[in-house]
Amino acid sequence: EHTATQLAVYEMQNSRRDRYHAVELTVQQTFSDSARWTASYVRSSARSNAVLDYTIENPFLAGQGPGPLDWDMPNRVVASGWLPLFKKYTFSWFVEWRDGLPFNVIDERQELVDTPNRLRLPRYFSLNPHVEREFELGRYRWSVRVGLNNITGRENFSLVDNNIAS
């Protein structure tokens, strides 16, 4: 009796290719030790030929595809500054504006609808002004800061129900 033995060789490989390109422009001005502002603009692109990350927590029933990565943010502006108001009081601010992040759309069977990351959350905008008061207590210098985050009240979404059937 003769038995045939077959040998199979499997090669594991990753053909994913991510690309990130960015240009940043930053401007800042210092008026004194107690007054300064900075602004920065970034134009970037984060793309891949294999966007989907298959995990147990995030299952996709779809083939791999090209598109923007989850953290792709083509336009982003960040600015901040501070200046003295009057003795021992300082006004500071922080502002951010950016494009919304991409997300996938799935159906009731967890199947990808259309191409990966084809939709984006709405643009994000936040303005945060603060006033700080310095004082000395004992041998130490202390400060108390009061302020408002997102004073414009804009709804800055960070999550989405991406199931088209829900």
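Residues numbered from 1 in each chain as written. Predicted model: local features only at pLDDT ≥ 70, side-chain atom pairs only at ≥ 80, totals over all residues. Heavy atoms only, no water.

(A) How the structure looks around the pattern of salt bridges. For the coordinates displayed, the defined rule picks out 10 salt bridges. Where Arg109 meets Asp107, a salt bridge forms, and the shortest distance between an N and an O atom there is 3.7 Å. One salt bridge in this structure joins Glu111 and Arg109, with 3.0 Å as the shortest N-O distance. Overall, the relative accessible area of 27% leaves Glu111 in the partly exposed class. Several salt bridges converge on common partners, so that one network encompasses Arg76, Glu96 and Arg98. (Salt bridge = Lys/Arg side-chain N within 4 Å of Asp/Glu carboxyl O. Buried < 20%, exposed > 50% of the residue type's maximum accessible area, 1.4 Å probe, protein only.)

(B) Quick look at the pairing of strand β5 (residues 89-98). Pairing geometry for strand β4 (residues 75-86) and β5, over 10 bridges, is antiparallel. Paired with Phe86 across the strands is Tyr89, a residue of β5. If you look at the hairpin formed by β4 and β5, you'll find two residues sitting between the two strands, and Lys88 has a positive phi there, around 70°. Relative to strand β8 (residues 124-137), β5 runs antiparallel, the two being bridged by 10 bridges. Bridge assignment links Val95 to a residue of β8, and that residue is Leu127. (Pairing = 2+ DSSP bridges. Helix = DSSP H or I, 4+ residues; strand = E, 2+ residues; numbered from the N terminus.)

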